[in-house]
Amino acid sequence: MMALAAFWATILGFGLLHAADPARLPFAFSAKSARWWPRALRLGAATALAGALALFSSGSGWAEGILITSAAAIFVASLFVVLAPIASRFIWAMVAVSPAALALFSLLEGLHGR
Amino acid sequence: MKLSKHAFTRFWDVHAWAGVCAGLLLHVIFFAGAFTVFREDLEVWQDPALAVSPTEVKSVDALMAPQLATLPRAPEIVGVWLPSPEHATLAFNAKLPGEAEWRAMVRLDPTTGAIVAPGARSRLSTILYYLHFLYHPNAPWGMYVAGFVTVALLLVLVTGVLIHIKDLARQLHQFRPKQKLRVVWSDLHKVLGVFGIPFQMMYAFTGIVIALAGLQIAAYAWPLYGGDEKAARQAMYGTPAIPEKPSGITRASLPFDDLLTRARTAVPELEPRLIRVHHLGDENATAQVWGDVPGVLFSAWAGGVVMRAHDGQVLHTSDPRVSATPASAVWRWVGGLHYIYFGGLGLRILYALLAFATCFTILTGNWIWLERRDAKRAHVGNRIFERLTVAAGGGLCLATAALFWTNRVFPVGSAGRKTAEALAFFGVWTVALVYCLIRRNAHRAWIATLGPAGTLMALLPLVSAVAADKHVFNLSAHGAWAIAGVDLGMAVLGLGLIFTARALHLRTRVEALALIAGIAPATSHTEDPTLPEIFAAGRSSR
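Residues numbered from 1 in each chain as written. Chains lettered and ligands numbered in written order. Predicted model: local features only at pLDDT ≥ 70, side-chain atom pairs only at ≥ 80, totals over all residues.

## A closer look at the overall build of chain A
Step number 1: Counting its secondary structure elements, chain A contains four helices and zero strands.
Step number 2: Starting at the N terminus and ending at the C terminus, chain A contains elements arranged as α-α-α-α.
Step number 3: Taken over the C-alpha trace, chain A has a radius of gyration of 15 Å; the compact-globule value for 114 residues is 13 Å, and the two agree within 12%.
Step number 4: Considering only intrachain contacts with a sequence separation of at least 6, the fraction spanning at least 24 residues in chain A is 73%. (Helix = DSSP H or I, 4+ residues; strand = E, 2+ residues; numbered from the N terminus. Rg over C-alpha atoms; globule rule 2.2 N^0.38 Å. Contact = placed C-beta atoms within 7 Å.)

Structure follows, in structure tokens:
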């Protein structure tokens with residue numbers, strides 16, 4: 001469960017990073033009206049990826065966590081960039097549900113742990 | 001950072017030529033490697049009888065004694081693999097004095113001691129495993145070829161980073177599927193290649209160390225150890241060399257159970273996986289017990305004890321929690337990273353997918369090289385290279401599908417099963433190669449190999465359901481989940497190949513229409529006609 005939560009955190013992290021450039025978004029968005037947008041999203045992406053690292057490391061230590069997070073990030077990033085122009089709705093829907101999925105799997109892990 | 005024009009050209013040339021020379025073999029290595037990460041699961045899938053109920057082994061000697069009694073003479077080396085989460089059976093193999101090859105691995109039911117799947121077992125996972133490092137027992141030098149090819153990969157990766165470094169950040173997010181195929185290949189090559197660099201670099205480095213270890217020992221032995229290969233080997237692996245010659249004096253070795261107890265005493269918490277005894281029953285007999293040590297990174301196979309077999313005197317212990325020589329620490333990391341001794345099933349799936357992504361990077365690299373160098377394939381050498389790329393890409397997928405089908409279609413336990421699998425794999429691959437060479441249109445050859453390969457793989461769960469008793473539609477049977485996992489994985493891979501073939505088919509038609517409609521070839525990638533423009537041109541040309 002923790003690994004699944006971490007994987008969703010990785011999806012959220014790269015999704016936010018990809019969205020930091022408004023040109024990559026699937027809908028029209030004026031960056032002029034909100035100059036803080038890219039910075040805020042990059043900060044959010046960094047937080048989500050750090051969260052993924054913490055979750056992956058929680059069961060197996062930091063060294064192993066870094067290795068697993070790297071592999072997950074490489075995979076998610078490749079998938080995201082290749083699928084975003086082909087299956088835009090699917091990929092952005094995944095990003096949209098990722099906070100809920102992250103919370104759900106973390107909760108399930110918490111309940112299972114008790 | 002921007003390179004000078006001269007440096008850029010040189011690096012580009014090295015990147016392109018090293019990639020082209022090593023690319024096809026590297027594709028084979030990564031493709032087979034993607035399957036090899038699931039080797040234990042494949043071994044159960046290929047012989048479903050191996051999926052026995054897991055039981056704790058009370059006495060290894062009770063299980064092994066009847067088997068050792070069947071051997072005509074005392075073995076030179078005997079290995080006993082204890083049941084593990086991946087394999088619930090107890091397995092043993094032996095090499096007898098005077099015999100060039102190891103005897104086939106025998107697997108025992110840990111509860112009854114009966115041989116599991118006594119007939120001729122499948123070679124499916126072994127074929128793919130050997131292919132991963134280009135090895136064959138009769139041609140072990142193939143592993144060195146794999147090692148040198150991997151050195152070329154390292155060169156390709158470093159030069160690739162250098163030539164793309166000036167616009168690396170932009171290329172990371174750039175994939176334009178609506179542009180011409182040439183641009184699509186180029187974007188895929190850059191996106192998958194750049195994101196995959198850490199993964200590819202890690203596998204290149206660890207692969208070189210593993211594949212070329214034998215050559216390194218030979219190279220060090222004379223200048224550093226005066227020709228003493230044993231000393232060189234000990235320095236390389238950090239474990240003492242085993243005496244190679246028996247004394248000729250008979251002396252009973254300790255029972256396997258005793259050896260296990262002594263190993264657990266020498267390395268507390270050791271979870272033994274393998275007992276290996278050299279010269280069993282001889283005064284010089286040496287026993288090794290290797291296994292997992294919990295609490296350290298890459299704990300699998302991290303601990304071990306080497307003992308004198310007749311009295312159990314400990315000659316060497318390997319326990320990374322207490323002490324580790326630089327050599328043993330390096331090997332633990334190299335082995336742990338390469339064989340994925342961490343992270344579990346989820347990480348192995350990720351690694352397999354990243355290996356397939358690397359295959360895409362390699363094949364698209366070849367295509368880019370051809371398009372830039374000889375877009376019309378005017379030279380016969382380039383035409384042949386183009387067809388070889390299709391045969392290595394699509395042909396290998398088709399051969400793999402044929403291998404899996406043969407395993408299920410051929411009766412379990414029949415004598416010709418192993419040969420049929422090897423013939424199906426290499427035969428179909430050869431036929432695919434010949435087909436690709438004689439086919440006029442290479443794009444058509446891609447579609448004609450990827451499409452059937454995908455269809456065969458996608459249908460594999462159905463064939464399994466008919467031919468085997470444990471399958472995706474019968475998950476109640478013990479061990480069925482591992483088998484169903486392989487079935488489903490192959491089906492997903494098959495659907496991916498069908499999607500790729502379909503996309504290629506559509507794009508080839510569209511670009512042919514664009515050609516008929518007379519859309520002028522673009523002068524640069526960004527000026528290529530987009531897909532809607534090509535469609536519109538196609539409609540107006542009708």
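Moving on, there is more to tell.
## Overview of the overall build of chain B
Step number 1: When you go through chain B residue by residue, the secondary structure sums to 19 helices and seven strands.
Step number 2: Relative to its length of 542 residues, chain B is compact, with a C-alpha radius of gyration of 26 Å against a globular reference of 24 Å.
Step number 3: Each principal axis of the C-alpha distribution contributes one length, and for chain B these read about 90 × 60 × 40 Å.
Step number 4: A burial count over chain B gives 40% of its 542 residues as buried.
Step number 5: Of all intrachain contacts in chain B linking residues separated by at least 6 positions in sequence, the fraction that spans at least 24 positions is 66%. (Buried ≥ 20, exposed ≤ 12 C-beta atoms within 10 Å, placed from the backbone.)

## Brief notes about the sheet that holds strand β1 (residues 77–81) of chain B
By way of backbone hydrogen bonds, the strands of a sheet pair with one another, either parallel or antiparallel.
All names here are of chain B.
Step number 1: The sheet built from seven strands is open, its strands ordered β3-β2-β1-β4-β5-β6-β7 with antiparallel pairing. Taken across any chain shown, the strands that pair with only one partner, and hence form the sheet edges, are β3 (106–108) and β7 (314–318). Direction aside, the axes of adjacent strands within the sheet are offset by 15° on average.
Step number 2: Both strand β5 (residues 286–292) and strand β6 (residues 303–308) contribute to a ladder of six bridges, which runs antiparallel. In the sheet register, Val289 faces β6, and the bridge partner there is Val305.
Step number 3: Most of the contacts of helix α3 (residues 60–69) go to strand β2 (residues 90–95), to which it runs at about 45°, and overall it touches β1, β2 and β3. (Pairing = 2+ DSSP bridges. Axes fitted to C-alpha atoms, helices over the stretch in contact; angles between N-to-C directions.)

## Focus on the interface of chain B and chain A
Step number 1: Residue-level contacts link 20 residues of chain B with 20 residues of chain A.
Step number 2: Those elements giving two or more residues to the side of chain B that touches chain A turn out to be α7 (181–195), α8 (197–211) and α13 (344–373) of chain B.
Step number 3: Sort the elements by how many residues they give to the side of chain B that touches chain A and α13 of chain B lands first, with seven residues.
Step number 4: Here the residues of the side of chain B that touches chain A sort into 15 nonpolar, four polar and one charged. (Nonpolar A, V, L, I, M, F, W, Y, C, P; charged D, E, K, R; others polar.)

## A closer look at the packing of helix α1 (residues 2–19) of chain A against helix α2 (residues 37–58) of chain A
Residue and element names in this part refer to chain A.
Step number 1: It is the contact of α1 with α2, at a shortest axis distance of 8 Å, that shows an interaxial angle of 165°. Relative to α2, α1 is oriented roughly antiparallel. Crossing hand, α1 versus α2: left-handed. Each of Met2, Ala3, Ala5, Ala6, Ala9, Thr10, Leu12, Gly13, Phe14, Leu16, Leu17 and Ala19 in α1 lies in contact with α2, whose residues at this interface are Leu41, Arg42, Gly44, Ala45, Ala48, Leu49, Gly51, Ala52, Leu55, Phe56 and Ser58. (Parallel < 35°, antiparallel > 145°, perpendicular 65-115°, else oblique. Left-handed = near helix turned anticlockwise from the far one by under 90°.)

## With respect to the environment of Thr449 of chain B
All names here are of chain B.
Step number 1: Inspection of the secondary structure assignment puts Thr449 in helix α16 (residues 442–458).
Step number 2: Judged by the 28 C-beta atoms lying within 10 Å of it, Thr449 falls in the buried class.
Step number 3: A C-alpha to C-alpha distance of 9.6 Å links Thr449 and Leu497, two positions 48 residues apart in sequence.
Step number 4: Apart from the residues lying within four places of it in its own chain, the contact partners of Thr449 are Val390, Gly394, Gly395, Cys397, Leu398 and Ala432.

## A short note on the pairing of β5 of chain B
Residue and element names in this part refer to chain B.
Step number 1: Summarising burial for β5: six of the seven residues are buried, a large majority.
Step number 2: Both strand β4 (residues 271–278) and β5 contribute to a ladder of seven bridges, which runs antiparallel. In the sheet register, Ile275 faces β5, and the bridge partner there is Val289.

## Considering the domain arrangement of chain B
Residue and element names in this part refer to chain B.
Step number 1: Once the domains are mapped, chain B shows domain 1 (1–52 + 123–238 + 326–340), domain 2 (53–115 + 239–324) and domain 3 (374–541).
Step number 2: The C-alpha-based centres of domain 1 and domain 2 are spaced at 32 Å.
Step number 3: Contacts between the two partners involve 15 residues from domain 1, matched on the other side by 18 residues from domain 2.
Step number 4: Elements that contribute at least two residues to the side of domain 1 that touches domain 2 include exactly α10 (229–237) and α12 (326–338).
Step number 5: When residues of the side of domain 1 that touches domain 2 are assigned to their parent elements, the largest contribution, six residues, is made by α12.
Step number 6: A per-class count over the side of domain 1 that touches domain 2 returns six nonpolar, five polar and four charged. (Domains from an automatic or database assignment.)

## So, the pairing of β4 of chain B
Step number 1: In this structure, β1 of chain B lies alongside β4 of chain B, joined through five bridges in antiparallel fashion. For Gly79 of chain B, the partnering residue across the bridge sits in β4 of chain B and is Arg276 of chain B.

## Notes on helix α5 (residues 142–164) of chain B
Step number 1: If you check α5 of chain B, its first and last C-alpha atoms are 33 Å apart, about what 23 residues at 1.5 Å a residue would give, namely 33 Å.
Step number 2: Among the structural elements, α1 (5–36), α7 and α8 of chain B are those in contact with the buried residues of α5 of chain B. (Expected span 1.5 Å × (residues − 1).)

## Quick word on unusual backbone geometry
All names here are of chain B.
Step number 1: Even without being a glycine, Leu134 presents a positive backbone phi close to 55°.
Step number 2: Judged by the 20 C-beta atoms lying within 10 Å of it, Leu134 falls in the buried class.
Step number 3: At Glu269, a residue that is not glycine, the phi angle is positive and equals roughly 70°.
Step number 4: Mapped onto the fold, Glu269 is located in the loop between α11 (256–266) and β4.

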